[in-house]
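Structural characterization, general
For reference, the chains in residue letters:
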Amino acid sequence: VTEGSVFITGVSSGIGHALADHALGLGYRVYGTSRRRPERLLGHENFRFAPIDLLELDRIGERLAAFLEPSGCRHFDFAFLNAGSFGAKPARGERVTLDAFTDLFKLNLFANKAIIDHFVMHRYSIDNYVVSSSIAAVRQREGMLAYAASKAALNAMISVYALENRESFFALLGLCNVDTHVGRTITDVDASFPDLFALKQRARQSGYVVSPGERARHIFDVMRHRADLDLKSGTFTEIRTLLLARHATRTA
Ligand SMILES: NC(=O)c1ccc[n+]([C@@H]2O[C@H](COP(=O)([O-])OP(=O)(O)OC[C@H]3O[C@@H](n4cnc5c(N)ncnc54)[C@H](OP(=O)(O)O)[C@@H]3O)[C@@H](O)[C@H]2O)c1
């Protein structure tokens, strides 16, 4: 039974790929984008894919229109604004070139603006935007200049869109320690970055880092229970906090 429709950016790997997999398992029709082709998902009858490079900001609107309009799909239960990057491995701020800094803002911030604007201006009905943010947005660490700044700006931007578009719910989630390319890049450090190095040590403890599949399941679980969890639209919340609250209600 097809439950509804879901839009996901960054379906070629990591959390986005796992979200697509999980949504297909729940019976959703999934519209996914990324640059690389998610070969394993392509054979699924409810999966549609468009190769969209989100760094080509000027083309995002036309590419989304070409992808979605022929399908006739005007309503998404979930739009996962997930694609993102850390950039190269952690480095001191002055070592991050302006070009690299700009590219990270294009992908982590501007591309999401282009997508939301397309959906709002073309009157798509979106029940829930689910935005892949990070604790780096609010708790800064050495070596994370471009990532931290782009995710902080993402949080501010999503909070404003949430106020202006109250017919949609904007879940702004810190996704915390997932075993993906982004997760591994953040901990690709030596002791010259003490906070990230300590994180790298913690990440070796069993259970500290979760698989993308587990995180996808967590995300759908907290979204299903967002009212009980008192999750607020447009307010940054770490998924770990929500999972602890879920655990508390289950064991109460
Ligand atoms: N892993 C963690 O611990 C963690 C924690 C907090 C937040 N997050 C956030 O979670 C999100 C997903 O990251 P991940 O951890 O799953 O890492 P990942 O495996 O590297 O996934 C990143 C996804 O973004 C896509 N992407 C990158 N550049 C793109 C571009 N120019 N155009 C279109 N798509 C592009 C990639 O696809 P292509 O390369 O094929 O284009 C890929 O599918 C990111 O926003 C990240 O900041 C992750």
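The notes below deal with the structure included here. The structure displayed is predicted, hence computed values, not measured ones. (Residues numbered from 1 in each chain as written. Predicted model: local features only at pLDDT ≥ 70, side-chain atom pairs only at ≥ 80, totals over all residues. Heavy atoms only, no water.)

1. What about the overall build of the protein chain?
Counting its regular elements, the protein chain contains nine helices and seven strands. For the protein chain, whose C-alpha radius of gyration is 18 Å, the value lies close to the compact-globule estimate of 18 Å for 252 residues. Across its three principal directions, the C-alpha atoms of the protein chain cover 55 × 50 × 40 Å. Residue burial in the protein chain is summarised as follows: out of 252 residues, 49% are buried. Across the protein chain, the fraction of contacts at a sequence separation of at least 24, relative to all contacts at a separation of at least 6, is 70%. Working note: accessible area of the protein chain is about 12,300 Å², and carbon and sulfur atoms make up 52% of it. Side-chain charges in the protein chain split into 31 positive and 27 negative, and the spacing between the mean points of these groups amounts to 3 Å. (Helix = DSSP H or I, 4+ residues; strand = E, 2+ residues; numbered from the N terminus. Rg over C-alpha atoms; globule rule 2.2 N^0.38 Å. Buried < 20%, exposed > 50% of the residue type's maximum accessible area, 1.4 Å probe, protein only. Contact = heavy atoms within 4.5 Å. Areas by Shrake-Rupley, 256 points an atom, 1.4 Å probe, with all protein chains shown as cover. Lys, Arg positive; Asp, Glu negative; His and termini not counted. Charge placed at Lys NZ, Arg CZ, Asp CG, Glu CD.)

2. Examining the pairing of strand E2 (residues 29-34)
In terms of residue burial, E2 counts as a mostly covered element, since five of its six residues are buried. Pairing of strand E1 (residues 5-9) with E2 involves five bridges; the strand directions are parallel. Its bridge partner being in E2, threonine 9 is matched across the sheet by threonine 33. With helix H1 (residues 14-25) bridging E1 and the parallel E2, this β-α-β connection has right-handed handedness. (Pairing = 2+ DSSP bridges. Right-handed = clockwise from strand over helix to strand, strands pointing away.)

3. Topic: the sheet that holds strand E4 (residues 75-81)
Sheets are built from strands paired through backbone hydrogen bonds, the pairs being either parallel or antiparallel. One open sheet accounts for seven strands, arranged E3-E2-E1-E4-E5-E6-E7; its pairing is parallel. With one partner strand each, in any of the chains shown, strand E3 (47-51) and strand E7 (236-238) form the two edges of the open sheet. Adjacent strand axes in the sheet meet at a mean angle of 20°, parallel and antiparallel pairs treated alike. One ladder, built from six bridges, connects E4 with strand E5 (residues 125-133); its direction is parallel. Counted as the bridge partner of phenylalanine 78 is asparagine 128 from E5. Sitting on the sheet, helix H9 (residues 239-251) is in contact with strand E6 (169-174) and E7, with an inclination near 60° to E7. (Axes fitted to C-alpha atoms, helices over the stretch in contact; angles between N-to-C directions.)

4. A look at the layout of surface pockets
Remark: the empty space left among the atoms is shown by a probe the size of a water molecule rolled over them. Of the voids in this model, the second largest pocket is the one considered here, and its volume is about 300 Å³. Arg215, His218, Arg240, Leu243 and Leu244 are the residues nearest the centre of the second largest pocket, which is lined by 15 residues in total. Looking at the lining of the second largest pocket, the elements that each hand over two or more residues are helix H8 (212-224) and H9. At six residues, the largest contribution of residues to the lining of the second largest pocket is made by H9. (1 Å grid on protein atoms, 1.4 Å probe; cavity = no way out; pocket = protein on both sides within 12 Å on 5 of 7 lines; lining within 4 Å. Points joined across faces, edges and corners; volume = space filled by probe spheres on them.)

5. Structural notes on the site of the ligand
The immediate surroundings of the ligand are formed by 30 residues, with Ser12, Ile15, Arg35, Tyr147 and Thr180 found nearest. Valine 178 is positioned with one of its backbone polar atoms (N or O) 2.8 Å from an oxygen atom of the ligand. For the ligand, whose accessible area on its own is 880 Å², the fraction buried by protein is 95%. Residue assignment for the shell around the ligand shows that the elements contributing at least two residues are H1, E5, helix H5 (145-164) and helix H6 (181-186). If you tally residues by element for the shell around the ligand, the top one is H6, at three residues. Tallied by class, the residues present in the shell around the ligand amount to twelve nonpolar, 14 polar and four charged. (Near = heavy atom within 4 Å. Polar contact = N/O pair within 3.5 Å; in protein donor to acceptor, adjacent residues only side chain to side chain. Nonpolar A, V, L, I, M, F, W, Y, C, P; charged D, E, K, R; others polar.)

6. Focus: the pattern of salt bridges
Here the structure, examined in full by the defined rule, presents twelve salt bridges. Between lysine 106 and aspartate 103 there is a salt bridge, and its shortest N-O distance comes to 3.8 Å. Placement of both lysine 106 and aspartate 103 in helix H4 (residues 98-121) is noted, with a separation of three residues, approximately one turn of the helix. Relative accessible area serves as the criterion here: at 25%, lysine 106 is assigned to the partly exposed category. The class of aspartate 103 is partly exposed, set by a relative accessible area of 35%. Here aspartate 179 ties to arginine 184 by a salt bridge, and the two come within 2.7 Å at their closest N and O atoms. Taking relative accessible area as the criterion, aspartate 179 reaches 40% and is therefore assigned partly exposed. In this structure arginine 184 comes out as partly exposed when scored by relative accessible area, which is 48%. Each of Glu56, Arg59 and Glu62 takes part in salt bridges that share partners, so that together they form one network. (Salt bridge = Lys/Arg side-chain N within 4 Å of Asp/Glu carboxyl O.)

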